[in-house]
Amino acid sequence: MRAYPLLVLLFVITAACKKETTGMQHASGYDAIDKILDDSVPVRFNGKCYAVIHVNGQEVYNRSYGGYDGNTRQLVASCSKWLSGAVLMSLVDEGKLKLSDTVGKFLPVFTANGKGNITIAQLFSHTSGFPGNSSQGYESNPLLTLEAAVDAIGRNVPLMSPPGKVFYYGGVSMQIAGRICEIVSGKSWKEVSAAKLFIPCGMTSTDYGLTANPIIAGGARSTPNDYMKFLDMLVNKGVTANGTRVLSEAAVTVMEQGQITGVTVGYTPYPLAWLDTPDFYGIGNWRDVTGAGGAIVESSSPGAFGSHPWINYPKKTTGIIFTFIAQEGYLTTAPTCLKVRNAVRSIVP
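What counts, and where the lines are drawn
Residues numbered from 1 in each chain as written. Predicted model: local features only at pLDDT ≥ 70, side-chain atom pairs only at ≥ 80, totals over all residues. Heavy atoms only, no water. Helix = DSSP H or I, 4+ residues; strand = E, 2+ residues; numbered from the N terminus. Rg over C-alpha atoms; globule rule 2.2 N^0.38 Å. Buried < 20%, exposed > 50% of the residue type's maximum accessible area, 1.4 Å probe, protein only. Areas by Shrake-Rupley, 256 points an atom, 1.4 Å probe, with all protein chains shown as cover. Axes fitted to C-alpha atoms, helices over the stretch in contact; angles between N-to-C directions. Parallel < 35°, antiparallel > 145°, perpendicular 65-115°, else oblique. Contact = heavy atoms within 4.5 Å. Nonpolar A, V, L, I, M, F, W, Y, C, P; charged D, E, K, R; others polar. UniProt positions renumbered as here; feature names shortened; annotations may be inferred. Phe/Tyr/Trp six-rings, centres within 6.5 Å; stacked < 30°, edge-to-face > 60°. Expected span 1.5 Å × (residues − 1). Pairing = 2+ DSSP bridges. Core = buried A, V, L, I, M, F, W, Y, C linked by side-chain atoms within 4.5 Å. Disulfide = S-S within 2.5 Å. Salt bridge = Lys/Arg side-chain N within 4 Å of Asp/Glu carboxyl O.

Draft legend 1. Geometry of the overall build of the chain. Tallying secondary structure elements over the chain gives eleven helices and eleven strands in all. Scaling as 2.2 N^0.38, a compact globule of 349 residues should have a C-alpha radius of gyration of about 20 Å, and the chain matches this with 21 Å. Taken over 349 residues, the chain has a buried fraction of 53%. As presented, the chain carries roughly 14800 Å² of accessible surface, and 56% of it is formed by carbon and sulfur atoms.

Draft legend 2. Local environment of the packing of helix 3 (residues 80-93) against helix 8 (residues 189-201). Running from N to C, helix 3 and helix 8 cross one another at 85°; their axes reach a closest spacing of 9 Å. One element, helix 3, and the other, helix 8, form an angle in the roughly perpendicular class. Where helix 3 approaches helix 8, its residues Leu-83, Ser-84, Ala-86, Val-87, Ser-90 and Leu-91 are matched on the opposing element by Trp-189, Val-192, Ser-193, Lys-196, Leu-197 and Phe-198. Broken down by class, the residue content of the contact of helix 3 with helix 8 amounts to eight nonpolar, three polar and one charged.

Draft legend 3. A look at the UniProt feature "domain: Beta-lactamase-related" (unreviewed entry) in the chain. Feature annotation in UniProt places "domain: Beta-lactamase-related" (unreviewed entry) on residues 51-321, given in this structure's numbering. Structurally, residues 51-321 is divided into 30% helix and 16% strand, and its ends, taken at the C-alpha atoms, are 4 Å apart.

Draft legend 4. Geometry of the environment of Phe-130. Secondary-structure assignment places Phe-130 in the loop between helix 5 (120-124) and helix 6 (146-156). Sequence-wise, Phe-130 and Gly-70 are 60 residues apart; in three dimensions their C-alpha atoms are separated by 37 Å. In this structure Phe-130 touches Phe-110, Lys-115, Ile-118, Ile-153, Val-157, Pro-158, Leu-159, Met-160, Tyr-168, Val-172, Ser-173 and Ile-176, once residues within four positions along its chain are discounted.

Draft legend 5. Representation of the packing of aromatic side chains within the structure. One pass over the structure, following the stated rule, counts 19 aromatic pairs. Measuring from ring centre to ring centre gives 6.2 Å for Phe-110 and Phe-130, while their planes differ by 85°; the resulting arrangement is edge-to-face. Taken as a pair, Phe-110 in helix 4 (residues 108-112) and Phe-130 in the loop between helix 5 and helix 6 lie far apart in primary sequence, 20 residues in all. Residue classification places Phe-110 among the buried residues on the basis of a relative accessible area of 0%. Seen in terms of ring centroids, Phe-305 and Phe-324 are 4.5 Å apart; in terms of plane orientation they differ by 40°. Their pairing is tilted.

Draft legend 6. Region of interest: the environment of Tyr-30. Considering the arrangement of structural elements, one finds Tyr-30 in the loop between strand 1 (24-26) and helix 2 (31-44). The spacing of Tyr-30 and Ala-343 is 313 residues in sequence and 8.7 Å in space, taken between C-alpha atoms. Those residues within four positions of Tyr-30 in sequence are excluded, and the remaining contacts are Val-55, Val-60, Tyr-61, Ile-347 and Val-348.

Draft legend 7. Representation of helix 9 (residues 224-235) in the model. Under the 1.5 Å per step criterion, the end-to-end length of helix 9 is 16 Å for twelve residues, consistent within 8% with the ideal 16 Å. By the criterion of burial, helix 9 is predominantly enclosed, with ten of the twelve residues buried. Just past helix 9, the residue Lys-237 takes up positive phi, approximately 60°.

Draft legend 8. Inspection of the pairing of strand 2 (residues 49-55) at higher detail. Burial within strand 2 is extensive, with seven of its seven residues counted as buried. Judged by which residues are buried, strand 2 turns out to be covered on both faces: Cys-49, Ala-51, Ile-53 and Val-55 on one side and Tyr-50, Val-52 and His-54 on the other are all buried. Pairing geometry for strand 2 and strand 3 (residues 58-65), over seven bridges, is antiparallel. Within strand 3, the residue paired with Tyr-50 across the bridge is Ser-64. Here strand 2 runs beside strand 11 (residues 317-322); their pairing, made up of six bridges, is antiparallel. Bridging across to strand 11, Val-55 finds its partner in Thr-317.

Draft legend 9. Spotlight on the nonpolar core. Of all hydrophobic cores here, the largest spans 78 residues; its most connected members are Ile-176, Ile-180, Leu-197, Phe-230 and Leu-247. Core analysis: the next-biggest nonpolar cluster, separate from the first, contains 20 residues, Ile-33, Phe-45, Ala-343 and Val-348 among them.

Draft legend 10. Structural view of the state of the cysteines. Within this structure, the stated rule accounts for zero disulfides. Cysteine Cys-79 remains unbridged, with the sulfur of Cys-337 as its closest cysteine sulfur at 9.5 Å.

Draft legend 11. Highlighting the pattern of salt bridges. Under the definition given, this model contains 13 salt bridges. In this structure, the salt-bridge partner of Asp-101 is Lys-105, at a minimum N-O distance of 3.4 Å. The exposure class assigned to Asp-101 is buried, which follows from its relative accessible area of 10%. The shortest N-O distance in the salt bridge between Glu-298 and Arg-341 comes to 2.8 Å. Note that Glu-298 is positioned in strand 9 (residues 296-300) and Arg-341 in helix 11 (residues 329-347), a separation of 43 residues in sequence. Its relative accessible area of 1% is what places Glu-298 among the buried residues. When salt bridges that share partners are traced, they join Asp-288, Glu-298, Arg-341 and Arg-345 into one network.

Structure, rendered in structure tokens:
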């Protein structure tokens, strides 16, 4: 009989904890975000979504739908590009490579096939001249190693245009850059991404899967909590919440800078009408809101499955809307995500 009150107390505590972590939590003034998500998530997100926003590294908003929470782990598709760009820039920080280095410096097979003059910056800004994805599918073939896939690209995938002339979004170029990161670091992509980014950021649930040919541009698995640690590190100029420096301030600045001045747009999944500058891509991220003189205001790296991370640099605001829609997820969720971002701009002083 004496145990009964204890059981009741435990039930109340458990229920209270569950409510705190799965429902709606936000600072005052964020009701507009609730309205946008309530109207859209049941229709556009299949009822499953987790949204979280930080200002100055402090959580001001979270909202859970359909059982998703901050520890939900899944593939994030092209949200991976931003992560991979940071891994690359960590090696630039160490002096192991330069963005102006050419592919031929590290991969003789590309020089032998007339493709050695592509720069690392071009690889990571979709202006290498390669198609976005190869017809042979080397960049996503799980039966290959990263080395074998990239060698096959060097031998067999033709350039569509001279390097630096056309923006063509996809994964082939970043796969080549990932292999170069392996060569200069002496580690596998799995090892170098963990050592240079995931471990120092405390991203314990993020990786690129188990394949020996990790998809550099789209194969990461992560959680909202992990990805927010990454975004908060970037907005804090390369330093994590616990004071660990992951990237130099200069490296973060370069990531944010436009890399595609003067190029022709061959293919972009991001409608040009949504972009307010012709220099709309940096190192692994979209410069989709800019200010005077092209200064970065917001950047993002949405994924094909619908997840949408972003940073507003002047307001020191970070956020991610996390979901999974296997078919056309990006096109389905993007209008909602852009509405949320616009509302947050108005809310945060």
